[in-house]
Amino acid sequence: MRILASVAADALSFRENALVSLEEGRIRSVETWNNATTAQTGDLDVRRWRLVPGFVDIHVHGGAGRSVMEADEEAIQKISYHLAQHGVTSFLPTTITGPRDRLASVLEVVTDLMRSGDYEGAQILGCHLEGPYINPQKKGAQPEAYILEPDGGDFLRWAGPYLETVRIMTLAPELPGAEQMMSILATAGVIVSIGHTNATYAEVDRAIGFGARHVTHCGNAMRGMASREPGVLGAALARSELVAELIWDNIHVHPAVCKAIIEAKGAHGVILISDGIPGAGMPDGYTFSLGDLPVVVASGAARLPDGTLAGSLLTLDRAFSNAGDYDLRKRACMSSYNALCALGLNHRKGRIAPGYDADLVVLDEEGTVRLTIVGGRIVYDKREN
């Protein structure tokens, strides 16, 4: 298969009139077409549209009415296809705080699906555990009844059999027992992400020493920045060791703050996430539960009865468009490459270059996803005719 596109751009390269050849699920070559180039049978002739690496969503709880917390293969399969419709080619199913046995069941289902590959849509790369070791003062829409203080032994009892599946864990580093937990996670190769936290700058500084490298949904559910106490937000902006997740839906974080975060961190220090929940892709009035908490979709947002934002209705194609003041390379960096660097997969994913996995998305002039390709296979097609 060949793809003829107006532009092919990734975090490190930009080519006009791109002719990308695919073979056995990988990119074989990247060349240039001209006016004499004739499309062959089987080619994808999208010369008026743009080609970028498939988006990678490392923080997504659900979509299309289904939740990761169902611990159900069919639910995660549906989420996988929902994400592919929005240009996502890889993702981390993300939990919320819940009973240990339910979290273990999610890990078991995700592990089984990864091993079997028996699903359509975006590829599962592992799991992101958001909680249960978070600060109740900054719980957001996380159910408080299941919040726990960090305990490394307890964690290994319920998550240990699936530790290789856990790629990221969000926790509050100021809690008793957090330092031991961070050491266990870092030693196991799990990304420690600071989130749902009231930590001071000094506590974040200490967490970095114990292996923390990410900040969960920067600007949300964390201590803000003041002139004499930088807090978590200030640490996220100032410390190059930390990569910042960012929900760019223009609801969770003001667009001016989104730009300030990117200007402070650089494009290589930010990862766009959806924080998508079951209400993503569903109409106004749709109601569902987030853990034990009732949520309603209204006016483009999902909220608890008290008005608290309950995750996001964002999809990464919209986040990519919302970041449109940045060029394609910087947006590809934030929507794909940085996440893959964090996961240690940037040597084979996230580039439009020979030898890389053919995980690609075609965007039209308005930024709408027209084609999503995972491992060289078209999993979503919204072209005319």
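As the structure is a prediction and not an experimental result, all values here were calculated from the model.

**Re the packing of aromatic side chains**
Considering all chains together, one arrives at 4 aromatic pairs under this definition. Ring geometry for Phe55 against Phe320: centres 5.1 Å apart, planes inclined by 35°, an arrangement best described as tilted. With Phe55 in strand β5 (residues 55-60) and Phe320 in helix α8 (residues 316-322), the pair connects residues that are 265 residues apart, well separated along the chain. By relative accessible area, Phe55 is classed as buried at 0%. With a centroid separation of 6.5 Å and an interplanar angle of 75°, the aromatic rings of Trp248 and Tyr326 are classed as edge-to-face. Of this pair, Trp248 sits in the loop between β14 (243-246) and α7 (255-265) while Tyr326 sits in the loop between α8 and α9 (328-343), and the two are 78 residues apart along the sequence. There is no split in this pair, since Trp248 and Tyr326 are both buried. Positioned above the aromatic ring of Trp33 is the side chain of Arg47, whose terminal nitrogen or guanidinium carbon lies 5.1 Å from the ring centre.

**Digging into the sheet that holds strand β8 (residues 88-93)**
Taken together, the 3 strands give an open sheet; going across it, the order is β5-β8-β9, and neighbouring strands pair in parallel fashion. One side of each edge strand has no neighbouring strand; the edge strands of this open sheet are β5 and β9 (123-124). The pairing of β8 with β9 spans 2 bridges and is classified as parallel. Looking across to β9, one finds that Phe91 is bridged to Ile124. Set on the sheet, α9 makes contact with β5 and β8; between it and β5 the angle comes to about 65°.

**Things to note about the state of the cysteines**
By the definition in use, this model includes 0 disulfides. Here Cys218 stays unpaired: no disulfide links it, and the sulfur of Cys258, its closest cysteine neighbor, is 9.4 Å away.

**Remarks on the sheet that holds strand β16 (residues 287-290)**
Taking strand neighbours across the sheet as the criterion, the 3 strands line up as β16-β17-β18 in an open arrangement whose pairing is antiparallel. Only two strands of the sheet have a single partner each, and these edge strands are β16 and β18 (301-303). Between one strand and the next, the sheet's axes are offset by a mean angle of 35°, whatever the strand orientation. Bridge analysis of β16 against strand β17 (residues 293-298) gives 4 bridges, and the strand direction is antiparallel. For Phe288, the partnering residue across the bridge sits in β17 and is Val295.

**Section: the environment of His128**
For His128, the position within the fold is in strand β10 (residues 127-130). In the structure, His128 is positioned 49 residues away from Ile79 in sequence and 15 Å away in space, judged by C-alpha atoms. Not counting chain neighbours up to four residues away, the residues in contact with His128 comprise Ile58, His59, Leu92, Pro93, Thr94, Thr95, Ile168, Thr170 and Glu245. Among the polar contacts listed, one links the side chain of His128 to the side chain of Thr170, at a separation of 2.8 Å.

**Focus: the packing of helix α1 (residues 73-84) against helix α2 (residues 100-116)**
One can describe the packing of α1 onto α2 by two numbers: an axis separation of 10 Å at closest approach and a directional angle of 60°. When the axis of α1 is compared with that of α2, the two are oblique. Relative to α2, the crossing made by α1 is right-handed. Facing α1, whose interface residues are Glu73, Ile76 and Gln77, α2 presents Val109, Val110, Asp112 and Leu113.

**Details of the packing of α2 against helix α3 (residues 152-159)**
Relative to each other, α2 and α3 sit at 50°, their axes nearing to 9 Å. Classified by the angle their axes make, α2 and α3 are oblique. Between α2, through Arg100, Leu103, Ala104 and Leu107, and α3, the contact on the second element is made entirely by Asp154, Trp158 and Ala159. Residues of the contact of α2 with α3, tallied by class, amount to 5 nonpolar, no polar and 2 charged.

Cut-offs used in this document
- Residues numbered from 1 in each chain as written.
- Predicted model: local features only at pLDDT ≥ 70, side-chain atom pairs only at ≥ 80, totals over all residues.
- Heavy atoms only, no water.
- Phe/Tyr/Trp six-rings, centres within 6.5 Å; stacked < 30°, edge-to-face > 60°.
- Helix = DSSP H or I, 4+ residues; strand = E, 2+ residues; numbered from the N terminus.
- Buried < 20%, exposed > 50% of the residue type's maximum accessible area, 1.4 Å probe, protein only.
- Lys NZ or Arg CZ within 6 Å of the ring centre and 35° of its normal.
- Pairing = 2+ DSSP bridges.
- Contact = heavy atoms within 4.5 Å.
- Axes fitted to C-alpha atoms, helices over the stretch in contact; angles between N-to-C directions.
- Disulfide = S-S within 2.5 Å.
- Polar contact = N/O pair within 3.5 Å; in protein donor to acceptor, adjacent residues only side chain to side chain.
- Parallel < 35°, antiparallel > 145°, perpendicular 65-115°, else oblique.
- Left-handed = near helix turned anticlockwise from the far one by under 90°.
- Nonpolar A, V, L, I, M, F, W, Y, C, P; charged D, E, K, R; others polar.

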